[in-house]
Each structure stands twice: as C-alpha cells, then as structure tokens.
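Close look at the chain arrangement
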Amino acid sequence: GAGVSQTPSNKVTEKGKYVELRCDPISGHTALYWYRQSLGQGPEFLIYFQGTGAADDSGLPNDRFFAVRPEGSVSTLKIQRTERGDSAVYLCASSPNANTGELFFGEGSRLTVL
Amino acid sequence: GESVGLHLPTLSVQEGDNSIINCAYSNSASDYFIWYKQESGKGPQFIIDIRSNMDKRQGQRVTVLLNKTVKHLSLQIAATQPGDSAVYFCAENPSGGATNKLIFGTGTLLAVQP
C-alpha cells in the first residue's frame, strides 16, 4: 500500500517476554519516528531515524527498549522483558525528510502485556 | 517540565455548526504547531500547521489561530460534519520544524450530533 504499514496490529504477550514491532514506512521517506500512545493520552515521542541512524533516542523509557533501521527503510522496535506498563499503542510515522512538518502515521501496533 | 495541553476533553456539537477546539502550550520557545485528527483505531492524521510568525492560517473548512501572548492555539472547523468526529490533538515542535519530534497534548474528543 501507499501508507505506513505496521505489524502486528495486535500483540498480546506475557510479562517478561520479548516482542518486536515492525514498521514499513512510505517508500522514499528518509525520516522514521516511533511514538507510544497510552489510552486517553496523546502520542509520546520515543525515537527517530534519519536514514539508518538513530538521530534522537531521548524518548526511549529505558534500556529494555531498542530500535533499528538497518537499511534505512523498515524499522523494528524491540522490547525486552516486557512489563505491564509497556501496554500501549506503538505508532510509527515517516516523513520525506526530517523537517517537512507533516508526519504520516501508521495505524499502530497495540501491545498488551498480561 | 514543558507541556502542551487542552482545555476541553470533550466537545459535542450539532452537525452544521462550527467547532472550536482549544489548546494551551507552555514552551515559549516553540515556534511551530500542528493539529492532528485521530479516528478510532487509526493513527493521527495531519490537519494543518502554523508557524509562530503567523497568527492565522486557513485550510479547507479549518482555521488555526495562534496567540503567542497567552500561548494559546485553536482549531476552528466550519460546518462540522459527522466525519469530523474524532480526537483532535495539538502538537508542539520545539525544534521549529528542524525535526518532527513532536510534543502532543492530551486530546479533545469532538462528537458531532446529526
């Protein structure tokens, strides 16, 4: 499709498990962002990539969270030793470059940690 | 810390009426603001943006007003339609558009009554 694609759309896991969330940005977009949205809240910034490198990872809550974008396109958000507080919708967005102003969001991956 | 927030969590309007959604921001250094619309189960969708060198910007049926003196932002929707029902977020870009690292407010739910 033409939009940002995120998989899985829903993930239920048990506390302590490892999860990976995938984002496929719009073709040609060099900037990719991960946000986290808790119920009833606005999205919170986690990390953004310009190309393959993480330009700003200041929003990652702790070292259990890690993200990669090895070829400058698809990105994977990795969460180790999941906790119940990690339950949220993880949103990915892309933009043609880092400063165009408009982000194109995917529909998100809903993570539930039991 | 710096934050962006909304005055009204829920706004109910009649179809055809005009809607006004308000937002207060606290980071006086921010010079770029964006409104997003989020429908249930979907990612946020860009509506309109404004830079701090402007007081007003118009789009199709939407107008954003910026009052830097009182750090207030509003989104006006003309002739509100049922399809406008969604949660609306204002977002602040402290980098002035250098990146798309956004700080989102809590959101206002707009409910359009037929």
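What this report covers is the structure whose coordinates are included nearby. No experiment lies behind these values; they were computed from the predicted model shown. (Residues numbered from 1 in each chain as written. Chains lettered and ligands numbered in written order. Predicted model: local features only at pLDDT ≥ 70, side-chain atom pairs only at ≥ 80, totals over all residues. Heavy atoms only, no water.)

Considering the pairing of strand S9 (residues 86-92) of chain B
Residue and element names in this part refer to chain B. In terms of residue burial, S9 counts as a mostly covered element, since six of its seven residues are buried. Taken together, the six bridges between strand S4 (residues 32-38) and S9 define a ladder with antiparallel strand orientation. Bridging from a neighbouring strand, Gln38 pairs with Val87 of S9. Strand direction decides the pairing type here: S9 and strand S11 (residues 108-113), joined by three bridges, are antiparallel. Across the sheet, Tyr88 pairs through a bridge with Thr108, a residue of S11. Looking at chain direction, S9 and strand S10 (residues 103-104) are connected through two bridges and run antiparallel. (Buried < 20%, exposed > 50% of the residue type's maximum accessible area, 1.4 Å probe, protein only. Helix = DSSP H or I, 4+ residues; strand = E, 2+ residues; numbered from the N terminus. Pairing = 2+ DSSP bridges.)

What about the interface of chain A and chain B?
Chain A puts 23 residues into the contact, and the matching count from chain B is 19 residues. Counting the surface lost from both chain A and chain B, the interface buries some 1,600 Å², and carbon and sulfur atoms represent 51% of this. Counting across the interface, chain A meets chain B through one salt bridge. Residue Lys101 of chain B pairs with Asp56 of chain A through a salt bridge whose shortest N-O separation is 3.2 Å. Contributions of two or more residues to the side of chain A that touches chain B are made by strand S4 (31-37), strand S5 (44-50) and strand S9 (88-95) of chain A. It is S4 of chain A that provides the largest number of residues to the side of chain A that touches chain B, a total of three residues. (Contact = heavy atoms within 4.5 Å. Buried area = accessible area lost by both parts, 1.4 Å probe. Salt bridge = Lys/Arg side-chain N within 4 Å of Asp/Glu carboxyl O.)

Observations concerning the pattern of salt bridges
Scanning the model with the defined rule gives eight salt bridges over all chains in all. In this structure, a network of salt bridges that share partners links the residues Arg64, Glu83 and Asp86 of chain A.

What to know about the side chain of Ser109 of chain A
All names here are of chain A. Relative to the elements of secondary structure, Ser109 occurs in strand S11 (residues 109-113). Accessibility expressed as a relative area gives 1% for Ser109, which makes it buried. Reaching out from Ser109, the side chain makes a polar contact with the backbone oxygen of Pro8 at a distance of 2.6 Å. In this structure, Ser109 is in contact with Gln6, Thr7, Pro8, Ser9, Leu21, Ala88, Val89 and Tyr90, ignoring residues within four places of it in sequence. (Polar contact = N/O pair within 3.5 Å; in protein donor to acceptor, adjacent residues only side chain to side chain.)

Quick word on the sheet that holds strand S7 (residues 65-68) of chain A
Strand pairing in a sheet takes place through backbone hydrogen bonds and is either antiparallel or parallel in direction. Residue and element names in this part refer to chain A. Spatial strand order, S1-S3-S8-S7: four strands in an open sheet with antiparallel pairing. Each edge of the open sheet is held by one strand with a lone partner, namely strand S1 (5-7) and S7. Neighbour to neighbour, the strand axes of the sheet diverge by 15° on average, direction disregarded. Looking at chain direction, strand S3 (residues 19-24) and strand S8 (residues 75-79) are connected through five bridges and run antiparallel. Within S8, the position partnered with Val19 by the bridge is Ile79. (Axes fitted to C-alpha atoms, helices over the stretch in contact; angles between N-to-C directions.)

Structural notes on the packing of aromatic side chains
Residues and elements named next belong to chain B. Throughout the structure, instances matching the rule amount to 10 aromatic pairs over all chains. Ring geometry for Tyr36 versus Phe104: centroids 5.6 Å apart, planes at 50°, classification tilted. Within this pair, whereas Tyr36 is found in strand S4, its partner Phe104 is found in strand S10, the two being separated by 68 residues in sequence. Taking the centre distance of 6.1 Å and the plane angle of 85° together, the rings of Phe89 and Phe104 count as edge-to-face. In this pair, Phe89 sits in strand S9 while Phe104 sits in strand S10, placing the two residues 15 residues apart along the sequence. Accessibility assignment for this pair places Phe89 and Phe104 in one class, buried. Taking the ring centre of Tyr32 as reference, the NZ or CZ of Arg51 above it sits at 4.2 Å. (Phe/Tyr/Trp six-rings, centres within 6.5 Å; stacked < 30°, edge-to-face > 60°. Lys NZ or Arg CZ within 6 Å of the ring centre and 35° of its normal.)

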